Amino acid sequence: MNTTCRDVQPILIETAHAALRMIVSDDGRLLQSGFGSKLADGDETYLAYPCAGDGWVDEPALKITHADGNGSTDLRFVRASSVGTQTKIELKDPQYPLFVDLFFQAHPDQDVIEMWTELRHAEEGSVTLEQFASSAPAFGKGDFYLTQFHGDWANEANLSEEKLSYGVKTLDSKLGVRAHQFRAPWFLLSKGGPAKEDAGEVFGGSLAWSGSFAFAFDMDPHGQLRSLCGINSYGSKYRLKPNLVFKTPRMVWGWSGCGTGTLSRNLHRWVRDHALRGGDVEQPVLLNNWEATYFDFDEAKIVSLMDGAQDLGLELFLLDDGWFGCKYPRNDDSQGLGDWTPDPRKLPHGLEALGHAACNRGLRFGIWLEPEMVSPRSELFEKHPDWVIRQPCRALDLQRNQLILDLTRPEVREFVFGVADRILGENPGISFIKWDCNRYVTQPGSTYLGQHAQTHLWIDYVQGLYDVFQRLVEKHPKVEIMMCSGGGGRVDYEATKYSQVVWPSDMTNPAHRIFIQWGYSFFFPAIATANHVTLAGGHSMKFAFDVAMSGRLGMDVDLEKLPPAERQIAKRAVALYKGIRDVVQLGEQYRLESPYEGSRSSLVYTKGNRAVLFVYSLGEAGAATLKLKGIDPALTYRVHELDASSANSPEPRTLSGQALLTDGLPIPALSKFGSALYELDGV
């Protein structure tokens with residue numbers, strides 16, 4: 001389909017239930033006439049992509065300075081075209097050879113629309129990009145409620161909702177790397193009232209970008225709301241040379257007219273299909289040695305942990321931080337990053353011997369890497385002090401005793417890729433990488449970028465990182481990647497394109513993890529979030545497993561030190577999880593009771609005629625029925641309680657699907673930090 005400015009038909013980007021409508025004014029301006037339900041009227045019109053400097057006085061989507069110093073931009077419609085479900089709208093400044101293309105990729109079955117922008121020009125000299133939103137949809141008038149997901153290290157994805165009022169509310173990150181430590185790059189926007197699980201119009205927005213971001217919500221004096229979303233322009237002016245293309249990251253918009261539950265299930269399906277490697281394949285149960293040993297281990301200790309993993313029925317062993325460094329052995333976090341050679345004192349036979357040991361026990365083998373980083377006490381830093389991000393004339397600012405390598409440098413990108421490539425090539429038994437990133441940018445300076453391109457660092461670093469990831473997955477397609485960043489510091493939909501799973505948080509206390517996992521569930525399916533059983537918080541082994549089994553299960557425990565009774569619980573729990581793994585990882589999730597609203601929290605997964613129900617108590621919870629969702633009212637269900645703390649299974653109950661939906665399942669009283677797990681089979 002191709003249209004010109006003389007066409008009178010609107011430009012429609014639509015999914016099964018949602019639509020974004022565009023029209024062209026008589027003077028050639030692109031206007032938006034609606035965004036939301038396909039059934040809603042779009043009587044009001046708004047500039048679709050407002051630009052600064054020529055009449056627009058609110059927050060602009062685009063602010064540039066032309067090569068001649070003119071700070072104004074005026075975009076007019078040129079043409080629109082569609083290929084399949086992707087629409088491209090071409091705009092141009094009538095007075096300058098400046099071209100702006102707006103892209104929209106619709107995913108009809110998931111009610112998701114991706115939006116991004118591409119800019120290019122043919123001016124005499126560079127054009128300076130000062131603000132450059134990926135998308136800038138208008139939402140009209142009404143009561144709008146914004147939910148952000150904020151926190152810090154070991155305290156991620158806390159929900160906080162507020163009613164938007166006049167002016168600009170901005171959610172942003174200025175961290176550059178590990179950019180999501182304080183705030184996740186996703187939000188909920190509810191129209192007409194606070195967000196509800198099963199009713200109401202709600203949008204979910206997420207920027208597919210691993211760097212600094214900004215979401216600006218601008219309510220004008222007339223009560224009309226617009227959201228401008230994209231790379232944070234703070235410190236990031238970008239001088240675009242003629243005939244080059246600047247592409248913004250994708251802004252992913254989900255929509256639901258039936259509350260956040262439907263929105264999340266749509267996004268979960270979209271993530272599995274389009275934003276996650278292996279989103280349709282069951283993922284293994286692993287043992288990580290980090291909280292079992294930290295830096296204090298040797299080959300014999302690691303092999304003994306593998307023995308325990310084999311006994312418990314685990315499927316993958318992950319060797320964490322501390323395995324490398326010769327001159328500066330990695331015995332703590334003060335040194336060694338950058339020197340990716342096995343420590344001969346800890347691992348005299350190298351990684352290859354551990355790979356063979358894992359294979360001989362029927363386990364896959366994985367390792368921890370943090371190749372973006374370097375310790376000042378390392379051979380790498382001694383050789384290449386100019387490779388780090390730093391400011392001249394300033395003392396080095398360390399976090400976790402480390403610095404960030406400058407990925408804008410081609411030789412640094414080659415080194416970072418080469419680290420992973422060499423290790424995988426030398427050790428074909430490695431099939432899993434935990435890719436970590438434990439600090440953010442505080443001194444944004446590059447000895448590689450020129451004087452007038454220092455502000456490119458924030459953007460070019462991320463593009464360099466994606467270049468490394470792309471090369472890695474193309475050369476080693478069977479190697480899985482866990483995206484870790486000191487917990488939830490890199491949890492965007494672009495990073496997940498290169499990984500099978502994200503590490504949501506270093507907080508593994510199950511009482512806290514319930515809240516963290518609840519927050520992630522709005523935007524990530526269970527298969528994408530790694531949940532590990534540890535001894536944090538001193539809770540029962542059953543409670544820890546019941547919480548972790550609601551996602552991708554793993555363990556972080558010194559199995560040799562587990563008492564026999566707890567070891568038996570762990571063994572039974574792993575076996576139980578394997579029996580329900582397909583439902584949890586590949587099924588549909590329904591949130592039932594929020595941990596923010598009472599002492600009991602619950603959620604259920606459904607797949608075909610099966611369901612798995614998780615119930616947790618954060619305080620004393622009396623006996624009460626629990627109405628389920630997502631199951632078939634026409635089926636009869638056998639309800640089995642799965643209790644890893646007991647060798648004997650209780651007798652199953654039989655209830656109709658209709659009764660479970662309308663009357664509910666009786667749940668016994670639970671003490672503080674108690675839990676119950678049920679499997680339902682329908683016939």
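Residues numbered from 1 in each chain as written. Predicted model: local features only at pLDDT ≥ 70, side-chain atom pairs only at ≥ 80, totals over all residues. Heavy atoms only, no water.

Brief notes about the overall build of the protein chain
And step 1. The helix and strand tally for the protein chain stands at 11 helices and 40 strands.
And step 2. Taken along its principal axes, the extent of the C-alpha atoms in the protein chain is 80 × 70 × 40 Å.
And step 3. In the protein chain, buried positions account for 61% of the 683 residues.
And step 4. Once local pairs closer than 6 in sequence are excluded, the contacts in the protein chain between residues at least 24 apart make up 69%.
And step 5. Of the roughly 24900 Å² of accessible surface on the protein chain, a fraction of 49% belongs to carbon and sulfur atoms.
And step 6. When the 68 basic and 86 acidic side-chain charges of the protein chain are each reduced to a single mean position, those positions are 1 Å apart. (Helix = DSSP H or I, 4+ residues; strand = E, 2+ residues; numbered from the N terminus. Buried < 20%, exposed > 50% of the residue type's maximum accessible area, 1.4 Å probe, protein only. Contact = heavy atoms within 4.5 Å. Areas by Shrake-Rupley, 256 points an atom, 1.4 Å probe, with all protein chains shown as cover. Lys, Arg positive; Asp, Glu negative; His and termini not counted. Charge placed at Lys NZ, Arg CZ, Asp CG, Glu CD.)

Structural notes on helix H6 (residues 410–426)
And step 1. Taking 1.5 Å of rise per residue, 17 residues should cover 24 Å, and H6 covers 24 Å from first to last C-alpha, within 8% of that figure.
And step 2. Along H6, the helix axis deviates most sharply at Gly418, where the bend reaches about 25 degrees.
And step 3. Within the sequence span of H6, burial applies to Val412, Val416, Phe417, Val419, Ala420, Asp421, Ile423 and Leu424.
And step 4. On its buried side, H6 packs onto helix H4 (350–360), strand S25 (364–369), strand S28 (430–435) and helix H7 (457–475). (Expected span 1.5 Å × (residues − 1). Bend = angle between axes of the 7 residues up to and from the residue.)

Some thoughts on the environment of Glu370
And step 1. When you line up the elements, Glu370 lands in the loop between S25 and strand S26 (373–374).
And step 2. Through-space distance from the C-alpha of Glu370 to that of Ala420 is 9.7 Å; in sequence the pair is 50 residues apart.
And step 3. When residues no more than four places from it in sequence are discounted, the contact partners of Glu370 are Leu337, Trp340, Arg400, Gln402, Asp436, Cys437 and Asn438.
And step 4. Here Gln402 takes part through its side chain, which lies 2.8 Å from a polar atom of the side chain of Glu370. (Polar contact = N/O pair within 3.5 Å; in protein donor to acceptor, adjacent residues only side chain to side chain.)

Some words on helix H1 (residues 260–275)
And step 1. Across its 16 residues, H1 extends only 20 Å between first and last C-alpha, which sits more than 12% below the 22 Å expected from 1.5 Å per residue.
And step 2. A large share of H1 lies buried, amounting to 12 of its 16 residues.
And step 3. Looking at H1, one finds that the buried residues are Thr260, Gly261, Leu263, Ser264, Arg265, Asn266, Leu267, His268, Trp270, Val271, Arg272 and Ala275.

Some words on the nonpolar core
Here is a general trend for soluble globular proteins: nonpolar side chains tend to be buried in one another's company.
And step 1. In this structure, Leu319 and Trp323 are the most contacted members of the largest nonpolar core, which totals 187 residues.
And step 2. Dropping the residues within four chain positions of it, Leu319 is found in contact with Asn289, Phe297, Ile302, Leu347, Leu351, Leu354, Phe365, Gly366, Ile367 and Trp368. (Core = buried A, V, L, I, M, F, W, Y, C linked by side-chain atoms within 4.5 Å.)

Considering the environment of Leu457
And step 1. Note that Leu457 resides in helix H7.
And step 2. As for Leu457 and Ile389, which are separated by 68 residues in sequence, their C-alpha atoms are 9.0 Å apart.
And step 3. If we skip the residues at most four places from it in the chain, Leu457 touches Ile389, Asp406, Thr408, Pro444, Gly445, Ser446 and Leu449.

A few points about the sheet that holds strand S4 (residues 30–37)
And step 1. Spatial ordering of the open sheet is given by S2-S3-S4-S5, a layout of 4 strands whose pairing is antiparallel. Edge positions in the sheet fall to strand S2 (11–14) and strand S5 (46–47), since each has one partner strand and no second.
And step 2. Relative to S4, strand S3 (residues 18–24) is paired through 7 bridges, and the arrangement is antiparallel. Across the sheet, the residue bridging to Leu20 is Phe35, located in S4. (Pairing = 2+ DSSP bridges.)

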